[in-house]
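Reading the structure
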Amino acid sequence: MEEQKQEKAKKVGKYNPKTVKAITDALKEGNTRRTAFRLVGIGESTFYDWLVEHPEFKLAVEEAEARKVTAYHKKYLNKCAPQQREKQWRSQGIALTYN
C-alpha cells in the first residue's frame, strides 16, 4: 500500500509533455488556471514555478488562454443576427484590447 502511494506521488507534479497538454487542453475548454492545474494533480505553486522555469510552458498556457477567448467570441457571434455580427465583433475586440 505504501509503495502505491509513493509511486503515485512520483507521477504527480512531474513536468512532461503529457501534463502540459492536459493543462492546455483544459484551458482551451474554458477552464481557469486553478481548475486546470487541479485536474492534473499539481499545486498552485508548482504551476507558477513551471511558468517561470519553462518558457515554452508559459507560451503554451498563454496561447491556450487566447484560444479560449477566441472560441468564446466565435460562439457568441454565431448567436448574433448577421447584420449585428460585424458591430458586435468590433465592440468585443475593443474590449479585449483594453483588458
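Described in the following lines is the structure provided in the data block. (Residues numbered from 1 in each chain as written. Predicted model: local features only at pLDDT ≥ 70, side-chain atom pairs only at ≥ 80, totals over all residues. Heavy atoms only, no water.)

Okay, helix H2 (residues 17-28) next. Look at H2: 16 Å from first C-alpha to last across 12 residues, which is about the 16 Å you get at 1.5 Å a residue. Inspection of H2 places Thr19, Val20, Ile23, Thr24, Ala26 and Leu27 among the buried residues, and these make up the whole buried set. Axial view of H2: buried residues confined to an arc of 155°, hence all on one face. Set apart from the buried face of H2 by more than 90 degrees, the exposed residues are Pro17 and Lys18. Capping of H2 at its N-terminal end is provided by Asn16; its side-chain oxygen lies 3.1 Å from the backbone amide nitrogen of Lys18. (Helix = DSSP H or I, 4+ residues; strand = E, 2+ residues; numbered from the N terminus. Expected span 1.5 Å × (residues − 1). Buried < 20%, exposed > 50% of the residue type's maximum accessible area, 1.4 Å probe, protein only. Arc of directions from axis to C-beta. Polar contact = N/O pair within 3.5 Å; in protein donor to acceptor, adjacent residues only side chain to side chain.)

Let us now look at the nonpolar core. Membership of the largest hydrophobic core comes to 13 residues, with the highest contact counts inside it found for Ile23, Leu27, Ile42, Phe47, Phe57 and Val61. Those elements that place two or more of their residues in this core are H2, helix H3 (33-39), helix H4 (44-53) and helix H5 (55-79). With 4 residues, H2 is the single largest residue contributor to this core. In this structure, Val61 is in contact with Thr24, Leu27, Arg33, Phe47 and Leu51, ignoring residues within four places of it in sequence. (Core = buried A, V, L, I, M, F, W, Y, C linked by side-chain atoms within 4.5 Å. Contact = heavy atoms within 4.5 Å.)

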